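Summary of structural features
These are the residues of each chain, in order.
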Amino acid sequence: MPVQPVEKVWMNGELVDWENATVHVLSHALHYGTGVFEGIRCYETSQGPAVFRLREHLERLERSGKIFMMEIPFSVDEMIAATHELIKVNKLKSCYVRPIAFRGYGEVGVNPEANPVDVTIAVWSWGAYLGEEALANGVRMTISSWRRHDPNIIPPAAKVTGAYINSVAAKQEAVHKGFDEAIMLNSQGFVAEATGENIFVVRDGEIFTPPLAAGSLGGITRNTVARIAADLGNPVTEMQIQRSDLYLADEIFCCGTAAEVTPVREIDGRVIGPPGPVTQEIQSKYFAIVRGEDEKYYDWLDFVSS
Ligand code: PPE
């Protein structure tokens, strides 16, 4: 999805012009994947722009860094303030927010410890990740021939740039085969997640999702969906999911900050069907919450005051 340039990017505590938000070609992260990042959305509400679960995302950023001994030189509160400032200065009503902390320019070689940790935050307007049509009618997915990396290869709890080459391989394979997105199995053959989304399966009205131990990222949207489902009286059960569970599901949906709540209508030629009632109910609640239309969940909204 194309990025629409805005005026300013936050880099290591300063606001710089969009075109000057560049890094050196010898930045460690470019060569070795030593960056941790987040994807966050800010939605337009009747009380102005509100960032959804901003603190939780930035806390996960810190945790991702911790796994790789990368101490982020800005506190969560400083990064919250920077995000607010950036949204205001770029005059955005809604946007995607991409903070990244990465090993920058210094030495070359696998050990990153002599390299600085640079932190940047960029914002831009971003529409539906898998398309508007996908939100309404669902996507077609395939099961990837690429397995998800397991916890002893790259910990799934870390949202680390280097790990995404695994997602890239699966996404490219899916798109070349004519699908919208790929579901990845772990090395035991259980469902882990999609290339940038967590997966939920509905069968006989019950909602299931793989446990984090299956190799999925602890998605913040996954957690939001679990809370919505519980509040609707239909709590999510964590369960190891096999590929046949996907083929036999009544409904499947995926979720993530970028993808929001997107129905899945087909998997490898097996028709799952148009978005079902459970998916639709969760999706519409999700959109109401992020747009500030449900006061019960105001705690999750981080209003950007003008
Ligand atoms: N799994 C993966 C692999 C993943 O990348 C994401 C987010 C999720 C699950 C859902 O996590 P959460 O956003 O906390 O609910 N993927 C982000 C990046 C997508 C991209 O293309 O870049 C996102 O959704 O912003």
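Refer to the structure above for everything that follows.
Chains are numbered independently. Their residues run from 1 in the order of the written sequence. Given that this is a predicted model, residues contribute local features only at a pLDDT of at least 70 and side-chain atom pairs are listed and counted only at 80 or more, while totals for whole chains, interfaces and linings are drawn from all residues. Only hydrogens and water are removed before side-chain values are computed, so all heavy atoms of the structure are retained for them.

**Focus on a positive patch on the surface**
- On the surface, Arg147, Lys177, Arg243 and Arg270 cluster together into a positively charged patch.
- Residue exposure (1.4 Å probe, protein chains only): buried if accessible area is under 20% of the type maximum, exposed if over 50%, otherwise partly exposed. The exposure class of arginine 243 is partly exposed, given its relative accessible area of 37%. Patch criteria: residues need more than 30% relative accessible area and no salt bridge. Like-charged residues are merged within 9 Å; nonpolar side chains of Val, Leu, Ile, Met, Phe, Trp and Tyr are merged within 5 Å. Computed with the Shrake-Rupley method and a 1.4 Å probe, the accessible areas treat only the protein chains shown as cover for residues. Only one rule defines a salt bridge in this text: a Lys or Arg side-chain nitrogen within 4 Å of an Asp or Glu carboxyl oxygen. Charged residues are defined narrowly, with Lys and Arg counted positive, Asp and Glu counted negative, and His plus the chain ends left uncounted. For charged residues, the charge sits on one atom: NZ in Lys, CZ in Arg, CG in Asp, CD in Glu.

**Regarding the pattern of salt bridges**
- Taken as a whole and assessed by the stated rule, the structure comprises 12 salt bridges.
- One salt bridge in this structure joins lysine 171 and glutamate 181, with 3.7 Å as the shortest N-O distance. Taken as a pair, lysine 171 in helix H5 (residues 164–176) and glutamate 181 in strand S9 (residues 181–185) lie far apart in primary sequence, 10 residues in all.
- Judged by relative accessible area, which is 0%, glutamate 181 ranks as buried. Each helix is a run of DSSP H or I of at least 4 residues and each strand a run of E of at least 2, with the numbering of both proceeding from the N terminus.

**What about the side chain of glutamate 260?**
- For glutamate 260, the position within the fold is in strand S15 (residues 260–267).
- Note on contacts: a residue pair is in contact if any heavy atoms of the two residues lie within 4.5 Å. When sequence neighbours within four positions are dropped, the list of residues in contact with glutamate 260 reads Arg41, Tyr43, Leu135, Thr221, Cys254, Cys255, Tyr286 and Phe287.

**Structural notes on the layout of surface pockets**
- Approximately 750 Å³ is the volume found for the largest pocket.
- Cavity: a set of points on a 1 Å grid over the protein atoms alone where a 1.4 Å probe fits but cannot get out. Pocket: an open set with protein on both sides within 12 Å along at least five of seven lines, its lining residues, like those of a cavity, having an atom within 4 Å of a point. Every residue lining the largest pocket is counted, 35 residues in all, and those nearest its centre are Tyr129, Lys159, Tyr164, Thr195 and Gly196.
- Tallied by class, residues from the lining of the largest pocket come to 16 nonpolar, 12 polar and seven charged.
- Domain delimitation follows an automatic or database domain assignment. Of the domains in this structure, domain 1 (8–124) and domain 2 (132–290) are the two that each give at least three residues to the lining of the largest pocket.
- Grid points are joined across faces, edges and corners, and a volume is the space filled by probe spheres set on the points. Approximately 460 Å³ is the volume found for the second largest pocket.
- Every residue lining the second largest pocket is counted, 18 residues in all, and those nearest its centre are Ala21, Val23, Ile100, Phe102 and Thr120.
- Elements with a contribution of two residues or more to the lining of the second largest pocket: strand S1 (8–11), helix H1 (28–32), strand S6 (95–103) and strand S7 (117–124).
- Residues are grouped as follows: Ala, Val, Leu, Ile, Met, Phe, Trp, Tyr, Cys and Pro are nonpolar; Asp, Glu, Lys and Arg are charged; all remaining types, including Gly, are polar. Its residues assigned to classes, the lining of the second largest pocket comprises 12 nonpolar, five polar and one charged.

**Topic: the pairing of strand S5 (residues 48–52)**
- Among the five residues of S5, four are classified as buried, and the element is accordingly described as predominantly covered.
- The pairing criterion for strands is at least two bridges between them, as found by DSSP. The pairing of strand S4 (residues 40–45) with S5 spans four bridges and is antiparallel. Each bridged residue has a counterpart across the sheet, and for tyrosine 43 the counterpart in S5 is alanine 50.
- Hairpin remark: S4 followed by S5, antiparallel, with two residues in the connecting loop.
- Across three bridges, S5 lies against strand S17 (residues 301–303) in antiparallel orientation. Paired with alanine 50 across the bridge in S17 is phenylalanine 303.

**Some words on helix H3 (residues 76–89)**
- The length a helix should cover is 1.5 Å for every residue beyond the first. With 14 residues, H3 extends 20 Å between its outermost C-alpha atoms, agreeing within 8% with the 20 Å of an ideal straight helix rising 1.5 Å per residue.
- Here H3 has its buried residues at Val76, Met79, Ile80, Ala82, Thr83, His84, Leu86 and Ile87.
- Backbone geometry just after H3 places lysine 91 at a positive phi near 55 degrees.

**What about the nonpolar core?**
- Buried residues of nine kinds, namely Ala, Val, Leu, Ile, Met, Phe, Trp, Tyr and Cys, make up a nonpolar core once their side-chain atoms join them within 4.5 Å. Among the nonpolar cores identified, the biggest contains 30 residues, and Leu58, Met79, Ile87 and Val123 are the most heavily contacted of them.
- Where this core is concerned, the elements lending two or more residues are S4, helix H2 (54–67), H3, S6 and S7.
- When residues are assigned to domains, this core turns out to be shared by domain 1 (8–124) and domain 2 (132–290), each giving three or more.
- Setting aside its immediate chain neighbours within four residues, isoleucine 87 contacts Cys42, Pro49, Val51, Leu92, Cys95, Val97, Val123 and Val304.
- Tyr286, Phe287, Ile289 and Leu301 belong to the second-largest nonpolar core, a separate cluster that totals 24 residues.

**Looking at the packing of H2 against H3**
- At a minimum axis distance of 10 Å, the contact between H2 and H3 shows a crossing angle of 130 degrees. The pairing of H2 with H3 is recorded here as oblique in orientation. Once H2 is placed against H3, the crossing between them reads as right-handed. Where H2 approaches H3, its residues Leu54, Arg55, Leu58, Glu59, Leu61 and Glu62 are matched on the opposing element by Val76, Asp77, Met79, Ile80, Thr83 and His84.
- Of the residues that constitute the contact of H2 with H3, the class distribution is six nonpolar, two polar and four charged. As a rule, the C-alpha atoms of each element are fitted with a line to give its axis, helices using only the stretch in contact, and angles between N-to-C directions run from 0 to 180 degrees. Here is the rule for angles: anything less than 35 degrees is roughly parallel, anything more than 145 is roughly antiparallel, 65 through 115 is roughly perpendicular, and the remaining ranges are oblique. When the near helix sits turned anticlockwise from the far one by under a right angle, the crossing is termed left-handed; a clockwise turn instead gives a right-handed crossing.

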